[in-house]
Amino acid sequence: MKRKINYIGGVDVAITRDSLVGCIGVFEFPGLKLVDSAWSRAPVEFPYIPGFLSFREIPVLLKCWNRIKRKPDLILVDGQGIAHPRSLGLATHLGILLNRPTIGCAKSHLYGEYRIPGEKKGSYALLKKGEKKLGLVLRTRDRINPLFVSPGHLVDFNDCRKYVLATAVKYRIPEPIRFAHKTAGEKARQLNV
């Protein structure tokens, strides 16, 4: 990626009984200080269909995007990038719509074959379908389950490894996604009361 990264965003979506709650957190990079955030609520307008998650979650994430003042240079997404049966996971779809670099950071495997990486932080194995490279199975902490990391939009595999490792400082999940996950979950619980 040729652009300088000063701000990294993280996005995630939680669900209530009848709506989706999205959040975006924007962090300085490399210091990882929170500089902006927004959350939003939207009705569920698209059913849950495996492989089509982006059509369900994109509307609430776009509402969040429109509410932040500090637009990130790179967005980390709790979801798949090109490691998807149609090469169009949530991270790819969002990146194309916003014309921003995005990286998919999924907690679980969706598509492709891989071997388990080494036990040390930074170890990785390729995620592939046949000879096609889809992403990395990346260990972000010693002896903790790896993440399934794949390019979303305007990034390469080296960018994925570099920025995910640089933002996963204390926990398995990168800090920007962790913030978005926690905030969206808290708001969803409040709305469920």
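Residues numbered from 1 in each chain as written. Predicted model: local features only at pLDDT ≥ 70, side-chain atom pairs only at ≥ 80, totals over all residues. Heavy atoms only, no water.

Asks: Sorry, what's going on with helix H2 (residues 90-98) here?
Replies: Given 3.6 residues per helical turn, the α-helix brings residues three or four places apart onto the same face. Counting buried positions over the nine residues of H2 gives seven, a clear majority of the element. Residues of H2 that are buried: Leu90, Ala91, Thr92, His93, Leu94, Gly95 and Leu98. Following H2 by one or two positions, Asn99 adopts a phi angle in the positive range, close to 55 degrees. (Buried < 20%, exposed > 50% of the residue type's maximum accessible area, 1.4 Å probe, protein only. Helix = DSSP H or I, 4+ residues; strand = E, 2+ residues; numbered from the N terminus.)

Asks: I would appreciate a short explanation of the layout of surface pockets in the present structure.
Replies: With a probe scaled to a water molecule rolled over the atoms, the places where space remains empty come into view. Approximately 480 Å³ is the volume attributed to the largest pocket. Around the largest pocket, the lining comprises 24 residues; the ones closest to its centre are Leu53, Asp78, Gly79, Gln80 and Ser108. Elements supplying a minimum of two residues to the lining of the largest pocket: strand E1 (7-15), helix H1 (53-67) and helix H4 (175-192). Of the residues that constitute the lining of the largest pocket, the class distribution is ten nonpolar, ten polar and four charged. (1 Å grid on protein atoms, 1.4 Å probe; cavity = no way out; pocket = protein on both sides within 12 Å on 5 of 7 lines; lining within 4 Å. Points joined across faces, edges and corners; volume = space filled by probe spheres on them. Nonpolar A, V, L, I, M, F, W, Y, C, P; charged D, E, K, R; others polar.)

Asks: Is there a simple way to explain the packing of aromatic side chains in this structure?
Replies: The description of an aromatic ring pair rests on the distance of the ring centres and on the angle between the ring planes. With the rule as written, the count across this model stands at five aromatic pairs. Ring geometry for Phe27 against Phe179: centres 5.8 Å apart, planes inclined by 80 degrees, an arrangement best described as edge-to-face. You can see Phe27 sitting in strand E2 (residues 19-28) and its partner Phe179 sitting in helix H4, a full 152 residues away along the chain. For Phe27, a relative accessible area of 7% corresponds to the buried category. (Phe/Tyr/Trp six-rings, centres within 6.5 Å; stacked < 30°, edge-to-face > 60°.)

Asks: Before we go on, may I ask you to explain the sheet that holds strand E5 (residues 102-106) in this structure?
Replies: In sheet architecture, strand pairing relies on hydrogen bonds along the backbone and comes in two forms, parallel and antiparallel. The eight strands are arranged E3-E2-E1-E4-E5-E8-E7-E6 in an open sheet whose pairing can be described as mixed. Each edge of the sheet is formed by a strand with only one pairing partner; in this case those strands are strand E3 (34-43) and strand E6 (124-129). Ignoring which end each strand starts from, the neighbouring axes of this sheet average 25 degrees apart. Across three bridges, the pairing between strand E7 (residues 132-138) and strand E8 (residues 147-153) is antiparallel. Directly across from Val137, in E8, lies its bridge partner Phe148. Contacts between H1 and the sheet are confined to E1, E2, E3 and strand E4 (74-77), with E3 contributing the most and set at about 135 degrees to the helix. Its contacts with the sheet place H4 against E1, E2, E3, E4 and E5, and it is angled at close to 30 degrees to E1. (Pairing = 2+ DSSP bridges. Axes fitted to C-alpha atoms, helices over the stretch in contact; angles between N-to-C directions. Contact = heavy atoms within 4.5 Å.)

Asks: I would appreciate a short explanation of the pairing of E1 in the present structure.
Replies: Burial runs high along E1: eight of the nine residues are buried. Of the pairings in the sheet, the one linking E1 to E2 comprises nine bridges and is antiparallel in character. By the bridge assignment, Ile8 is partnered in E2 with Phe27. Both E1 and E4 contribute to a ladder of four bridges, which runs parallel. Residue Val11 lies in a different strand from E4, and its bridge partner there is Val77.

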